Amino acid sequence: TLRVGADNGNDEFLGNLIDAGVGARLVKVGTGTQILRGANVLGRGLDVRAGELGLTRSDTHAGSVTVGGGAALDMKDSSLTVHNDVTLAAGGRLS
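Computed from a predicted model, the values in this text were never measured in an experiment.

## Points about the overall build of the chain
Part 1 of the argument: Within the chain one finds 0 helices and 14 strands.
Part 2 of the argument: Written out in order from the N terminus, the α and β elements of the chain read β-β-β-β-β-β-β-β-β-β-β-β-β-β.
Part 3 of the argument: The globule rule puts the C-alpha radius of gyration for 95 residues at 12 Å, and the 12 Å found for the chain is close to it.
Part 4 of the argument: Seen along its three principal axes, the alpha-carbon backbone of the chain occupies a region of about 30 × 25 × 25 Å.
Part 5 of the argument: Taking contacts inside the chain between residues at least 6 apart in sequence as the whole, the part at least 24 apart equals 18%.
Part 6 of the argument: Taken together, the 9 basic and 10 acidic charged side chains of the chain have centroids lying 3 Å from each other.

In structure tokens form, the structure reads like this:
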């Protein structure tokens, strides 16, 4: 599991997150915004617990996606393929 955003800041990652078959999960915490640009393969999925996770000009494959209450998943010019469940809690936002 890769946790990002604990410092409540705004960050951007320009690169690829590839789990190479180990079943990685990205967990976004904290109040800030984390932007991912690149190809991402996260077998266990994305979990946006707080703040905003932005997928900008990226191609992402995720096992599942969960967006918690008050959190947001923003996809700009991106492709997101989800292989299992998408869970959107009350107050969560997909855009």
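After that view, the rundown keeps rolling.
## Looking at the sheet that holds strand S3 (residues 17-18)
Part 1 of the argument: Taken together, 4 strands build an open sheet; the order of strands is S3-S6-S9-S12 and the sheet is parallel. Each having just a single partner strand, S3 and strand S12 (79-82) make up the two edges of the open sheet.

## Regarding a nonpolar patch on the surface
Part 1 of the argument: A contiguous nonpolar surface patch, about 250 Å² in accessible area, is contributed by Val86, Leu88 and Leu94.
Part 2 of the argument: Relative accessible area serves as the criterion here: at 39%, Leu94 is assigned to the partly exposed category.

## A short note on the pairing of strand S6 (residues 39-42)
Part 1 of the argument: Because side chains alternate across S6, one face comprises the buried residues Asn40 and Leu42, and the other comprises Ala39 and Val41, none of which is buried.
Part 2 of the argument: By the bridge criterion, 4 bridges tie S6 to strand S9 (residues 59-62) in an arrangement that is parallel. Directly across from Ala39, in S9, lies its bridge partner Asp59.

## Considerations on the nonpolar core
Part 1 of the argument: If you look at the biggest cluster of nonpolar residues, it comprises 14 residues, and the most contacted ones within it are Leu26, Leu36, Leu46, Leu53, Val65 and Leu73.
Part 2 of the argument: When contributions to this core are tallied by element, the ones reaching two or more residues are strand S7 (45-48), strand S8 (52-56) and strand S10 (65-67).
Part 3 of the argument: Those residues in contact with Leu26, other than ones at most four positions away along the chain, are Leu2, Val4, Leu17, Leu36, Leu42, Gly45, Leu46, Asp47 and Leu53.

## Some thoughts on the sheet that holds strand S14 (residues 93-94)
Part 1 of the argument: Read from one edge to the other, the open sheet built from 5 strands follows the order S2-S5-S8-S11-S14, with strand pairing classed as parallel. Of all strands in the sheet, those with a lone pairing partner are strand S2 (11-14) and S14, marking the two edges.

Cut-off values and rules
Residues numbered from 1 in each chain as written. Predicted model: local features only at pLDDT ≥ 70, side-chain atom pairs only at ≥ 80, totals over all residues. Heavy atoms only, no water. Helix = DSSP H or I, 4+ residues; strand = E, 2+ residues; numbered from the N terminus. Rg over C-alpha atoms; globule rule 2.2 N^0.38 Å. Contact = heavy atoms within 4.5 Å. Lys, Arg positive; Asp, Glu negative; His and termini not counted. Charge placed at Lys NZ, Arg CZ, Asp CG, Glu CD. Pairing = 2+ DSSP bridges. Patch = residues over 30% accessible without salt bridge, like charges linked within 9 Å, V, L, I, M, F, W, Y side chains within 5 Å. Areas by Shrake-Rupley, 256 points an atom, 1.4 Å probe, with all protein chains shown as cover. Salt bridge = Lys/Arg side-chain N within 4 Å of Asp/Glu carboxyl O. Buried < 20%, exposed > 50% of the residue type's maximum accessible area, 1.4 Å probe, protein only. Core = buried A, V, L, I, M, F, W, Y, C linked by side-chain atoms within 4.5 Å.

Everything listed here is a matter of coordinates, which is why it stays silent on function.
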